[in-house]
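Chain by chain, the residues run as shown.
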Amino acid sequence: MDRAHAENIYNSGKEAVISKLLELSSEIEELEQTILALEDRIQKLENIIVKDSHNSSKPPSSDSFKKKKRTKSQRKKSNRNPGGQKGHKGYTLEMADNPDHIEKCKIKKENCHCGRSLKDKEVVGYEKRQVFDIPEPKIEVTEYQAEIKDCDCGARHVASFPDDVKAPVQYGGRIKSQVIYFMNYQFIPYERMCEIIYDIYGQNISLGTIFNYNYSCYNLLEEPEEKIKNHIIQSKVAGFDESGSSVNGKNFWFHSSSTEEYTYYACHKKRGKEAMDAIGILPNFDGRAVHDHWKSYFTFPCDHALCNSHHLREFDYIDEQYDQSWAGTMKKLLLEIKDTVDTAKLQFNCKSLEDSVLEGFEKRYQALLLEAYEANPPPKVENENRRSAVAEKKRGRVKKSEPLNFLGRLKDYSKETLAFMYDFDVPFDNNLSERDIRMMKLRLKISGTFRNKLGADMFCRIRGYISTAKKQGINILDAIEGLWAGNTLVNV
C-alpha cells in the first residue's frame, strides 16, 4: 500500500469519526435540553402539589385528602382566659317581667306526708319557671274593604286601598321578606324555598311567585344600590376582590367592593380592567384600593395597598418548598409591624408611628430583601451551546424562580406592602372584601349555579343590600320588609 492510499484511508476514517462525534454531540445536546425541560416541569408539578390553602391563595375547598401539615394560624396567642372577658355583654336568657301566658301548676297531692289535708290551704307563693318559644306559625288573612258611596248627582266614589295592596289576593310584606331573607342570606334554592313555606305555614307557593318577589326586590333596590356604590367611591379606603363563577354554563366573574359599612357586588363575563371599567367604581375612586396583586387593579391611578395575608401564606410556601429562612424572618417582621400598629391605635390612640420607628422597620425590611436576593441570584444564561439553545427557544426574558418573582413584588411594591404601617386607616390585609366575596362561593355550593345573567344580577344587588344592612347593625328582616313600604332602613 502506497503512502497516498494510506493517507486517504486515514482521512476517510478521521472524517467518519468526526461526523460520528458531531452526531453524538448533537444527540447529547438534545438530551440535555430534554433533561432541562423535564427538570423544569418536575419543579412546576412539585410546586403545584405542595400548594394548598395554608401556603397559597387557594381556597380550603381545593385541598386534597392527602395527609398534610396542619394549617398554621396567623393569629398569636393572647394572655386572656377562655370564655367571656370582663365587660363583655352576655346573652344569658333572663326571665321576662311580663310573660304572654301564665299557667298555674297545682299541687296534685291532696294530703301532706303528716296526713293533714291540703285542699283548703291558701297558696302562699309561686316558684316560677319560664319557657321561651315561638307561637305556632300561622298565616293571617287581612281583608281590606273599600267603602263605596253614591252621590245624588249620580257619581260613585270608591275609597283607595293601601299602596301595597294591588291585587284582589296577594301575600303580604312579611312573608315576602322571609322569602328574600332565606334565599339571599341563607342561600336556600327555589324548590326548597317552596317546601319551607309549605312546611312552616301550610301554604303552597309557586316558583314563579318566588321569582317575582326577588325581581320586585331587585327593582326596588336600584336606587339604594347606586347610593351604596357612590359611598364606596367617596370612601378613603376600600377593598376589592373577585371570584370565578358559572352562569348558564359559561364562565363569569363576581366582583366585590367593600368598606366597613358598605358592600357592592357585580357580575361580569370578564375578570380584569374591562369589567372594572364597566362596574364604574375604580375608574372614579380616589382613595386607597386594598387588593391582592392582580395586575388589572394597578391600571387605575388611585393609591394601592396589598393584602398581607396573601404574603404570609407565600412566605410559608417559600420557607417549606425552597427551605429559605429569610421568608420566615420577613413574615415575623410584618406581624411585628402589625402588632406595633395595633398597639399604637388601641392602647395609645395614636394616628401614626414615630419617624424613628418607621425608619427602623424600613431598614429591617430592606435588609431582609438584600438577604433574600443573595439566596436567589438572577438567572444567568451560559455561553455553552446547550444553554444558548435552550434560551433561544424561550421568548422574552429568562424565566425567574418563584422566590425571585415574589421578591420582585416585595421590592417594587414595598410602599403598597407596608401601607398599613404609614396610614392607620389602611388594614393589614384584605380580609373584609375576601369575606364578602366568599359569600358568592358559598351560595354556589349550596344553591348551585345561576341559570341566567339576570338571576346573578338579582342576587348581587340584593345580597349587597343585605351585607350593608348587617355591617350597619340593622336587622336584616326589618331592612327587607321596609323596602315594600318604601322605607330604606340602611344608611345610604
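See above for the structure.
Please read these numbers as outputs of a predicted model, since none were measured by experiment. (Residues numbered from 1 in each chain as written. Predicted model: local features only at pLDDT ≥ 70, side-chain atom pairs only at ≥ 80, totals over all residues. Heavy atoms only, no water.)

(A) Here's a closer look at a nonpolar patch on the surface. Among the surface-exposed residues, V17, L21, L24 and I28 lie close enough to one another that they form a single nonpolar patch of about 350 Å² accessible area. Mapping I28 onto the fold places it in helix α1 (residues 3-50). For I28, a relative accessible area of 47% gives the class partly exposed. (Patch = residues over 30% accessible without salt bridge, like charges linked within 9 Å, V, L, I, M, F, W, Y side chains within 5 Å. Areas by Shrake-Rupley, 256 points an atom, 1.4 Å probe, with all protein chains shown as cover. Salt bridge = Lys/Arg side-chain N within 4 Å of Asp/Glu carboxyl O. Helix = DSSP H or I, 4+ residues; strand = E, 2+ residues; numbered from the N terminus. Buried < 20%, exposed > 50% of the residue type's maximum accessible area, 1.4 Å probe, protein only.)

(B) Highlighting the layout of surface pockets. Its volume calculated, the second largest pocket comes out at about 1,400 Å³. Each residue belonging to the lining of the second largest pocket can be placed in one class, and the counts come to 12 nonpolar, three polar and 15 charged. (1 Å grid on protein atoms, 1.4 Å probe; cavity = no way out; pocket = protein on both sides within 12 Å on 5 of 7 lines; lining within 4 Å. Points joined across faces, edges and corners; volume = space filled by probe spheres on them. Nonpolar A, V, L, I, M, F, W, Y, C, P; charged D, E, K, R; others polar.)

(C) Representation of the nonpolar core within the structure. Core analysis: the biggest nonpolar cluster contains 34 residues, and F315, W326, M330, I337 and L353 have the highest contact counts within it. Secondary structure elements with two or more residues in this core: α7 (308-322), α8 (325-346), α9 (355-375), α11 (402-412) and α13 (419-422). The element best represented in this core is α8, accounting for nine residues. Apart from the residues within four sequence positions on either side, L353 is in contact with T340, V341, A344, L358, F361, M421 and F424. Among the nonpolar cores identified, the runner-up in size contains 26 residues, and M183, C217, I462 and W484 belong to it. (Core = buried A, V, L, I, M, F, W, Y, C linked by side-chain atoms within 4.5 Å. Contact = heavy atoms within 4.5 Å.)

(D) Inspection of the sheet that holds strand β4 (residues 250-258) at higher detail. Spatially, the five strands line up as an open sheet ordered β5-β4-β3-β6-β7, and their pairing is mixed. The sheet is open, and its two edges are formed by β5 (263-268) and β7 (303-306), each paired on a single side. On average, each strand axis in the sheet is tilted by 25° relative to the strand beside it, whichever way the strands run. Of the pairings in the sheet, the one linking strand β3 (residues 237-247) to strand β6 (residues 288-291) comprises three bridges and is parallel in character. Counterpart to A238 in the pairing with β6 is A289. Contacts from helix α5 (residues 222-234) reach β3, β4 and β5, with the element oriented near 105° to β5. (Pairing = 2+ DSSP bridges. Axes fitted to C-alpha atoms, helices over the stretch in contact; angles between N-to-C directions.)

(E) Broad picture of unusual backbone geometry. With a phi angle near 65°, F187 is a residue other than glycine that sits in the positive phi range. Within the secondary structure, F187 is located in the loop between α2 (173-184) and α3 (190-201). Under the relative-accessibility criterion, F187 is labelled buried at 3%. One non-glycine residue, N349, lies in positive phi territory at about 55°. Accessibility expressed as a relative area gives 59% for N349, which makes it exposed.

(F) A look at empty space enclosed by the protein. According to the stated counting rule, one finds two cavities of 30 Å³ or more in the structure shown. Volume-wise, the largest cavity comes out at about 80 Å³. Of all the secondary-structure elements, those providing two or more residues to the lining of the largest cavity are β3, β4 and α6 (273-279). The biggest single contributor to the lining of the largest cavity is β4, with three residues. Of the residues that constitute the lining of the largest cavity, the class distribution is six nonpolar, three polar and one charged.

(G) Spotlight on the packing of α2 against helix α4 (residues 207-220). At a closest axis distance of 10 Å, the pairing of α2 and α4 adopts a crossing angle of 85°. When the axis of α2 is compared with that of α4, the two are roughly perpendicular. Judged by residue contacts, K176, V179, I180, M183 and N184 of α2 engage I210, Y213, N214 and C217 from α4. Grouping the amino acids of the contact of α2 with α4 by side-chain chemistry returns six nonpolar, two polar and one charged. (Parallel < 35°, antiparallel > 145°, perpendicular 65-115°, else oblique.)

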